[in-house]
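Structural description and commentary
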Amino acid sequence: MMFKIGILVASSGNNQKLGLKLEELAIEQGCQVELINLVDLDLPLYSTKEEERNGVPEVAKHLAERILDLKAFIVVAPEYNGVMPPVLNNAMAWTSRATDSWRDAFNEKVVAVATHSGGGGAKGLQAMRMMFQHLGANIIARELLTTYEKPLNEDTANNMIIQLAKLTH
């Protein structure tokens, strides 16, 4: 298939494990994968004051460059208080400030969303959809929601990867 996919992970726990499994499945399908764990970037909390004082951090500029190079992503994040985790929202805030236009990183790109949730998960997926649509991405209908009781359906995950590849060629 020789297709490159980005996997943005906003967790150091079960969602990181889900991201690693998706990476494994994508590689098995012949994809190149760039897995980016947003937690590991340790970005400062975005605020206009922070940006005015210190500018856009080099790590945010590097993240934006990596994202700009990709055409398709799976965003993997847990649900926090009915929305996405702060680390994801913060990373996207910095990414939108690190590009020429705030939508550059995701405009017209194809994005899928996934979560492992100890609770519901659906609201977190909905929040991610809203944010990435607002950033200009094309969100595919298929999504992944795993829980402790409902493990990953690998057929669904593989189909998601195939859809991303088809929609970006």
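Residues numbered from 1 in each chain as written. Predicted model: local features only at pLDDT ≥ 70, side-chain atom pairs only at ≥ 80, totals over all residues. Heavy atoms only, no water.

1. A closer look at the packing of helix α4 (residues 58–68) against helix α5 (residues 86–97)
Selection criterion: In this analysis, axes come from line fits to C-alpha atoms, helices being fitted only over the stretch in contact, and the angle between any two N-to-C directions falls in the range 0 to 180 degrees. Numbering of helices and strands runs from the N terminus, with a helix taken as a DSSP run of H or I at least four residues long and a strand as a DSSP run of E at least two residues long. By the definition adopted for this analysis, an angle is roughly parallel if under 35 degrees, roughly antiparallel if over 145, roughly perpendicular if from 65 to 115, and oblique otherwise. Any two residues whose heavy atoms approach within 4.5 Å are treated as being in contact. Under the convention adopted here, Pro, Cys and the residues Ala, Val, Leu, Ile, Met, Phe, Trp and Tyr are nonpolar, Asp, Glu, Lys and Arg are charged, and Gly plus all remaining residues are polar.
At a minimum axis separation of 9 Å, α4 and α5 run at an interaxial angle of 85°. With respect to each other, α4 and α5 are oriented roughly perpendicular. Residues Ala60, Leu63, Ala64 and Ile67 of α4 touch α5, and the partners they reach there are Ala91, Met92, Trp94 and Thr95. Looking at the contact of α4 with α5 residue by residue, the classes come out as seven nonpolar, one polar and no charged.

2. What about unusual backbone geometry?
Note the following rule: Exposure is judged per residue with a 1.4 Å probe applied to protein chains only, and the accessible area is read against the type maximum: over 50% gives exposed, under 20% gives buried, and values in between give partly exposed.
With phi around 50°, Asp42 is a residue other than glycine that occupies positive phi space. Within the element layout of this structure, Asp42 appears in the loop between α2 (38–41) and α3 (48–54). Given the relative accessible area of 67%, Asp42 is considered exposed.

3. Structural notes on the pattern of salt bridges
This is how the line gets drawn: What makes a salt bridge here is a side-chain nitrogen of Lys or Arg within 4 Å of a carboxyl oxygen of Asp or Glu, nothing more.
Inspection of every chain in the model, using the stated rule, returns eight salt bridges. A salt bridge links Lys61 to Glu58, with the shortest nitrogen-to-oxygen separation between them at 3.2 Å. One end of the pair, Lys61, and the other, Glu58, are both in helix α4, three residues apart, so they sit about a helical turn from each other. Overall, Glu58 belongs to the exposed group, its relative accessible area being 57%. Each member of the salt-bridge network shares a partner with another, and the members are Lys4, Glu34 and Arg66.

4. Observations regarding the packing of aromatic side chains
For any two aromatic rings, the description comes down to two numbers: the centre-to-centre distance and the angle of the planes. Quick reminder of the rule: The aromatic pairing rule takes the rings of Phe, Tyr and Trp, using the six-membered ring of Trp, and pairs them if the centres are within 6.5 Å, calling planes under 30 degrees apart stacked, those over 60 edge-to-face and the rest tilted.
Within this structure, the stated rule accounts for three aromatic pairs. Plain terms: the ring middles of Phe106 and Phe132 are 4.9 Å apart, the flat faces sit at 70° to each other, and that makes the pair edge-to-face. Placement of Phe106 in the loop between α5 and β4 (110–117) and of Phe132 in helix α6 (residues 122–134) is noted, with a sequence separation of 26 residues between them. For the residue pair Phe106 and Phe132, the accessibility class agrees, reading buried in each case. Linked through ring pairs, Phe73, Phe106 and Phe132 together constitute an aromatic cluster.

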